[in-house]
Amino acid sequence: MDYLRKIENWKKEGKKIVFTNGCFDIIHAGHVDYLEKAKALGDILVVGLNSDSSIKRIKGKDRPINPQEYRKKVLQALKPVDLVIIFDEDTPERLIKEVKPDILVKGGDYTINTIVGADFVMSYGGKVKTIDFVYDISTTKILEKARSKQ
Ligand SMILES: Nc1ncnc2c1ncn2[C@@H]1O[C@H](COP(=O)(O)OP(=O)(O)OP(=O)(O)O)[C@@H](O)[C@H]1O
Ligand SMILES: O=P(O)(O)O[C@@H]1O[C@H]([C@H](O)CO)[C@@H](O)[C@H](O)[C@@H]1O
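This report concerns the structure included in the present document. (Residues numbered from 1 in each chain as written. Chains lettered and ligands numbered in written order. Predicted model: local features only at pLDDT ≥ 70, side-chain atom pairs only at ≥ 80, totals over all residues. Heavy atoms only, no water.)

### A look at the sheet that holds strand β1 (residues 17-22)
Moving on, step 1. In spatial order, the strands read β3-β2-β1-β4-β5; together these five strands make up an open sheet with parallel pairing. The open sheet has two free edges, formed respectively by β3 (83-87) and β5 (127-131), since each of these has just one partner strand. The mean inter-strand angle of the sheet, taken between neighbouring strand axes irrespective of direction, is 25 degrees.
Moving on, step 2. When β1 meets strand β4 (residues 103-107), the two strands line up parallel, connected through two bridges. The residue bridging Phe 19 from the neighbouring strand is Leu 104, located in β4. (Pairing = 2+ DSSP bridges. Helix = DSSP H or I, 4+ residues; strand = E, 2+ residues; numbered from the N terminus. Axes fitted to C-alpha atoms, helices over the stretch in contact; angles between N-to-C directions.)

Below you can see the structure in the form of structure tokens.
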């Protein structure tokens, strides 16, 4: 797989790989803050992006608003993001096992115990971190606000 070759090359260059995942349906200030802080924990930021069908299963049939290729395009254009990989399962466990990141990151809505893949990453000495929310915003809140104005 092409993305794994890229990641292997970065590792050979001694770069620290940070991995996170999410839906990133409507990008907001919270996402940007989060991605900047995630990137600052290492050298390369790899983002696992939920496919459309996985979002439908997790968040309901009305989601996502934006299809995966559009979500990927926006995410890839953000400064801290080096690589976006779409995954189709409900959790990124398989992808985390492929990528073997040095640092696994999720938002402050998670604890180390609830982060999928945390045990795996810690098993080889990798680190697991959460990043606190600074902005009180989410894609769901944006949609609720927009719908209430209709
Ligand atoms: N306001 C925020 N501040 C910091 N991190 C955030 C914020 N909102 C989401 N994140 C983080 O961004 C990542 C991707 O989240 P996701 O795409 O599910 O965003 P969301 O806005 O919470 O979506 P939804 O409202 O649909 O659940 C997650 O790790 C999440 O913790
Ligand atoms: O940040 P969210 O929206 O809570 O996380 C989603 O959760 C999914 C999974 O159930 C927990 O890892 C995950 O597949 C998805 O990438 C989102 O992060």
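Having seen the model, we can carry on.
### Re the site of ligand 1
Moving on, step 1. Around ligand 1 sit 19 residues, and of these Phe 24, His 28, Lys 59, Thr 139 and Thr 140 come closest.
Moving on, step 2. Within the side chain of His 28, one N or O atom sits 2.8 Å away from an oxygen atom of ligand 1.
Moving on, step 3. At 2.5 Å, a side-chain N or O of Thr 140 approaches an oxygen atom of ligand 1.
Moving on, step 4. In the complex, the protein chains occlude 92% of the 610 Å² of accessible area that ligand 1 would expose alone.
Moving on, step 5. For the shell around ligand 1, the elements supplying multiple residues, two or more each, are β1, α2 (29-39), β4 and α7 (139-148).
Moving on, step 6. The greatest single-element share of the shell around ligand 1, amounting to three residues, is contributed by α2.
Moving on, step 7. Considering only residue class, the shell around ligand 1 consists of six nonpolar, nine polar and four charged. (Near = heavy atom within 4 Å. Polar contact = N/O pair within 3.5 Å; in protein donor to acceptor, adjacent residues only side chain to side chain. Areas by Shrake-Rupley, 256 points an atom, 1.4 Å probe, with all protein chains shown as cover. Nonpolar A, V, L, I, M, F, W, Y, C, P; charged D, E, K, R; others polar.)

### Quick word on the packing of aromatic side chains
Moving on, step 1. The full count for this structure, using the stated rule, is one aromatic pair.
Moving on, step 2. Judged by centre distance (5.2 Å) and plane angle (75 degrees), the rings of Phe 120 and Tyr 124 are edge-to-face.
Moving on, step 3. The aromatic ring of Tyr 124 is capped on one face by Lys 100, whose charged end is 4.8 Å from the ring centroid. (Phe/Tyr/Trp six-rings, centres within 6.5 Å; stacked < 30°, edge-to-face > 60°. Lys NZ or Arg CZ within 6 Å of the ring centre and 35° of its normal.)

### Re the nonpolar core
Moving on, step 1. Membership of the largest hydrophobic core comes to 18 residues, with the highest contact counts inside it found for Ile 7, Val 46 and Ile 85.
Moving on, step 2. Listed by contribution, the elements that provide at least two residues to this core are α1 (2-12), β1, β2 (44-50), β3, α5 (93-99) and α6 (118-123).
Moving on, step 3. Counting residues in each nonpolar core, the second largest holds 14 residues, with Tyr 34, Val 81, Val 105 and Ile 131 among its members. (Core = buried A, V, L, I, M, F, W, Y, C linked by side-chain atoms within 4.5 Å. Buried < 20%, exposed > 50% of the residue type's maximum accessible area, 1.4 Å probe, protein only.)

No statement about biological role is implied by the geometric values presented.
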